[in-house]
Amino acid sequence: MIQTAIGKDIAKARALLERGLLVAIPTETVYGLAANALDPDAALHIFEVKGRPKFDPLIVHGADRERVAEFVQSFPEWAKTLSDKFWPGPLTLVLPKRQIIPDIVTSGLDTVAVRVPLNPLTHELLSQLEFPLAAPSANPFGYVSPTSPQHVMDQLGGKISYILNGGECSVGIESTIVTELEGKIHILRLGGLSVEEIESVIGPVTLNAEPTDTGHSPGSLKHHYATKTPLLHGSIDINNLDSTTTGILSFQTRYAEIPLEHQVVLSPEGDLRKASKYLFAAMRHLDSLGLKVLLAEAFPNVGLGRAINDRLSRAATRLSGTTIEG
Ligand code: TXA
Ligand code: MG
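In this text, all values refer to a predicted model and were calculated from it rather than measured experimentally.

Conventions and cut-offs
Residues numbered from 1 in each chain as written. Chains lettered and ligands numbered in written order. Predicted model: local features only at pLDDT ≥ 70, side-chain atom pairs only at ≥ 80, totals over all residues. Heavy atoms only, no water. Helix = DSSP H or I, 4+ residues; strand = E, 2+ residues; numbered from the N terminus. Rg over C-alpha atoms; globule rule 2.2 N^0.38 Å. Buried < 20%, exposed > 50% of the residue type's maximum accessible area, 1.4 Å probe, protein only. Contact = heavy atoms within 4.5 Å. Lys, Arg positive; Asp, Glu negative; His and termini not counted. Charge placed at Lys NZ, Arg CZ, Asp CG, Glu CD. Pairing = 2+ DSSP bridges. Polar contact = N/O pair within 3.5 Å; in protein donor to acceptor, adjacent residues only side chain to side chain. Domains from an automatic or database assignment. Buried area = accessible area lost by both parts, 1.4 Å probe.

**Brief notes about the overall build of the chain**
Scanning the chain from terminus to terminus reveals ten helices and 15 strands. A compact globule built from 326 residues should have a C-alpha radius of gyration of about 20 Å, and the chain, at 19 Å, falls within 12% of that. In the chain, which comprises 326 residues, the share counted as buried stands at 57%. Excluding contacts between residues fewer than 6 apart, the proportion of contacts in the chain whose partners are at least 24 apart in sequence is 66%. Charge separation in the chain, taken as the distance between the mean sites of 29 positive and 36 negative side-chain charges, equals 2 Å.

**Some remarks on the pairing of strand 5 (residues 91-96)**
The element strand 5 is extensively covered by neighbouring structure, given that five of its six residues are classed as buried. Two elements, strand 5 and strand 9 (residues 176-181), share three bridges in a ladder whose sense is parallel. Paired with Leu-91 across the strands is Thr-176, a residue of strand 9. Relative to strand 6 (residues 111-115), strand 5 is paired through four bridges, and the arrangement is antiparallel. By the bridge assignment for strand 6, Val-94 is matched with Ala-113.

**Concerning helix 2 (residues 40-50)**
Buried within helix 2 we find Ala-42, Ala-43, Ile-46, Phe-47, Val-49 and Lys-50. A distance of 2.9 Å separates the backbone nitrogen of Asp-41 from a side-chain oxygen at the start of helix 2, and that oxygen is part of Asp-39. Positive backbone phi, at 65°, marks Gly-51, one or two positions downstream of helix 2.

**Structural notes on the domain arrangement of the chain**
Taken domain by domain, the chain holds domain 1 (5-207) and domain 2 (231-325). Listed as interface residues are 25 residues of domain 1 and, on the opposing side, 18 residues of domain 2. Carbon and sulfur atoms supply 54% of the area that domain 1 and domain 2 bury against each other, a total of about 1700 Å² over both sides. Considering only the side of domain 1, the residues that lose the most area to domain 2 are Val-144, Ile-173 and Leu-190, jointly responsible for 31% of the buried surface there.

Shown next as structure tokens:
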């Protein structure tokens, strides 16, 4: 066991990373489990600590576009347009990689995912480092992503020595991943930047139809973001419920039949940004209550509501009774 500290000491985070060790870093989306992206041994540690399969590649984070441009072959027009508009921010671009990025980071793919996150502490850290940071979300593989330093502590405490404390994540849901496939701009993973915002600058994009278990972007694995308590996602039928063992995650509605302490209403005023921000914290909270089942509403399928539905449907138990792993 390692002693895990939470703090705002950039010099300490930097020293650990320079020694090839892992540090949890804040971003606007979720906390990342970071290591030197140019050091294969450091990157390997990430997979070990997370329990993540090595076929699931990592995102490489840099302080600005100039720096991440060193790791890709080129920035096509669409990528320039999107990064000009949305970086720093919840957008990841998958582009053909340069050789300097080790295979372990990209799981052997000839593309690399790059992102410029928005968080003052992490920005300062990235500016001081001589290398970019590979960072997946700082949760054990398959579980809900962390949006506060305490979430990281709860799950990775004892496994890493430092959590850089950037407070609560402002977006709360992972970045939107975009690439070019057969000449079309394609969303590989819905996330904190809405499809509508992307389309407003580059026109229509394509989307994966359905999450699969063999997705080419492993973020599209069907069972992901799971709670330990079985979760069902869809319209909530309040009849036939055992109100004492059921938890509810809703957008705006409070259900009078269910005890207040077993419900989370994400945004009574109907703000999807606010709902995204607190989605994972709410899933964690409901998961900690020892209930038999969690019911999550279907959110409006617009804006960030699409990404929320995406995460909830991946977290959902299959009605066939298959248990959730991942
Ligand atoms: O908001 C985020 O993106 C957070 C923060 C920490 O930046 N990171 C994050 O990382 O969500 P992770 O590892 O949990 O998800 C990254 C996803 C993976 O599912 C992976 O499959 C996809 O990015 N990915 C990475 N490199 C890829 C590539 N070359 N081609 C296709 N997908 C890739
Ligand atoms: Mg993740």
